[in-house]
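Read off the chains here:
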Amino acid sequence: MESERENLVTAASLKMRAEIYSYEADFFRGLLHNDIYLEKPYAFTSFLQMIERMEEVFDTTGFPEAFMTPRAFNDEKRKKNKRELDVNADMSESFNMKSLSDSGNPRCTFEINVRFRQNATWQGQILWVEKNQRQNFRSVLEMIKLMDEALTDQEELQEPLWDTEE
């Protein structure tokens, strides 16, 4: 019975937390957390890296199940339905977790709960932790736009509202 529970995948287990530490010129850097499937946080330097890593976790666990087979230019990649999740993936030399953790608190934190992977994209809910605001999203693009909006709002809040020099 115990081995069956170890293989059990629940919706809560696939909730991913993205901490964004820097956001400049529409590029962000941060850490992706999942206490169950990632032994340590994964450092990413772009939306694409974050999304690819999340997709690896979903493919490895088979949840949420993909309703379409991804296309690829390379036949070998297309033949692989599931990939082994490398929890010890090498971090890029120019960017790593230590430099992030030394930079202090994240600018924004998001909890991303992907419920479905239909129509070749994701559907789910995103929580902007600092503001305690939730939004449903119907696609990865919509999720990215919501994150961009939150990060842009944070950026505007950090700028002074008026000029202090007189």
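Our subject in this report is the structure included herewith. (Residues numbered from 1 in each chain as written. Predicted model: local features only at pLDDT ≥ 70, side-chain atom pairs only at ≥ 80, totals over all residues. Heavy atoms only, no water.)

### Comments concerning the overall build of the chain
Line of reasoning, step 1. Secondary structure summary: the chain contains five helices and six strands in total.
Line of reasoning, step 2. The order of α-helices and β-strands along the chain, N terminus first, is α-β-β-β-α-α-α-β-β-β-α.
Line of reasoning, step 3. The buried share of the chain, reckoned over its 166 residues, is 36%.
Line of reasoning, step 4. A sequence separation of at least 24 residues applies to 52% of the contacts in the chain between residues at least 6 apart.
Line of reasoning, step 5. Accessible surface, the chain as shown: approximately 11,500 Å² in total, 47% of it carbon and sulfur. (Helix = DSSP H or I, 4+ residues; strand = E, 2+ residues; numbered from the N terminus. Buried < 20%, exposed > 50% of the residue type's maximum accessible area, 1.4 Å probe, protein only. Contact = heavy atoms within 4.5 Å. Areas by Shrake-Rupley, 256 points an atom, 1.4 Å probe, with all protein chains shown as cover.)

### A word on the sheet that holds strand β4 (residues 108-116)
Line of reasoning, step 1. Strands sit in the order β3-β2-β1-β4-β5-β6 across an open sheet of six strands; the sheet is antiparallel. If you trace the sheet from one side to the other, it starts and ends with β3 (42-44) and β6 (133-137), each paired once. Taken over all neighbouring pairs, the strand axes of this sheet differ in orientation by 25 degrees on average, direction set aside.
Line of reasoning, step 2. Pairing geometry for strand β5 (residues 123-128) and β6, over five bridges, is antiparallel. What sits directly across from Leu127, in β6, is Arg134. (Pairing = 2+ DSSP bridges. Axes fitted to C-alpha atoms, helices over the stretch in contact; angles between N-to-C directions.)

### Examining the packing of aromatic side chains
Line of reasoning, step 1. Under the counting rule described, the total for this entry stands at three aromatic pairs.
Line of reasoning, step 2. For the pair Phe28 and Phe44, a centre-to-centre distance of 5.3 Å together with 90 degrees between the ring planes defines the contact as edge-to-face. Here Phe44 lies in strand β3 and Phe28 lies in strand β2 (residues 27-33), a separation of 16 residues in the sequence.
Line of reasoning, step 3. The exposure class of Phe28 is buried, given its relative accessible area of 0%. (Phe/Tyr/Trp six-rings, centres within 6.5 Å; stacked < 30°, edge-to-face > 60°.)

### Concerning the environment of Ile51
Line of reasoning, step 1. One can find Ile51 in helix α2 (residues 47-61).
Line of reasoning, step 2. The exposure class assigned to Ile51 is buried, which follows from its relative accessible area of 15%.
Line of reasoning, step 3. Ile51 sits 19 residues away from Leu32 along the chain, and the two C-alpha atoms are 9.9 Å apart.
Line of reasoning, step 4. What Ile51 contacts, discounting residues up to four positions off in sequence, is Trp122, Val140, Met143 and Ile144.

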